[in-house]
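# Structure at a glance
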Amino acid sequence: MLGEQFSVQIPAFIGLVATYFLTNSGTVALASAISSGVSVREAWYRIIGGELLYDFFASSLAILLAFLYIKLQLLGLALLVIPLFFVRHMYQSQ
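Now for a quick tour of the structure.

## Some details on the side chain of Ser 59
In this structure, Ser 59 sits in helix 3 (residues 51-72). Residue classification places Ser 59 among the buried positions, given a relative accessible area of 18%. Sequence-distant contacts of Ser 59, that is, excluding residues within four places in its chain, are made with Phe 13 and Val 17.

Structure representation (C-alpha cells):
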C-alpha cells in the first residue's frame, strides 16, 4: 500500500468542484427564492458572495487528504483531520 502512486486529474477535479458548487448553490438559491419571494438570481448572488474560492480551496484539501492517506495511511488522516476539526470549531464559535 505504501508504494502506490498518486495522481490528480486537475481538469476532472475542477469540473467536479464546479458541478458541486453550481448544484449546491443553485438549489439553495431556488429554495431561498421560493421561501422569501426574491428572484432566484438575487438569492444566488447573496449566497455565493466569495464562496467559489472557498469551495475550490476546501475541495483541494480532499486531494491532500487522499494523498496523505495513500502515503501515511491512518497517520496521514490524523495529520489533516485533527487540525480540520479545530478549524471547524473556530468557525462554529464565531
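Once the structure has been displayed, the description carries forward.
## Looking at the pattern of salt bridges
Summed over the entire model, instances satisfying the criterion amount to 1 salt bridge. Of the charged contacts in the structure, one is a salt bridge between Glu 42 and Arg 46, with a shortest N-O distance of 2.4 Å. Taken together, the positions of Glu 42 and Arg 46, both in helix 2 (residues 40-48) and 4 residues apart, correspond to about one turn of that helix. Overall, Arg 46 belongs to the exposed group, its relative accessible area being 57%.

## Focus on the environment of Ala 12
By secondary structure assignment, the location of Ala 12 is in helix 1 (residues 10-36). Take Ala 12: its relative accessible area is 42%, and that puts it in the partly exposed class. Sequence separation between Ala 12 and Tyr 54 is 42 residues, and the spatial gap between their C-alpha atoms is 18 Å.

## Here's the deal with the environment of Leu 22
Mapped onto the elements of the fold, Leu 22 is located in helix 1. Classification of Leu 22 by relative accessible area gives exposed; the value is 51%.

What counts, and at which threshold
- Residues numbered from 1 in each chain as written.
- Predicted model: local features only at pLDDT ≥ 70, side-chain atom pairs only at ≥ 80, totals over all residues.
- Heavy atoms only, no water.
- Helix = DSSP H or I, 4+ residues; strand = E, 2+ residues; numbered from the N terminus.
- Buried < 20%, exposed > 50% of the residue type's maximum accessible area, 1.4 Å probe, protein only.
- Contact = heavy atoms within 4.5 Å.
- Salt bridge = Lys/Arg side-chain N within 4 Å of Asp/Glu carboxyl O.

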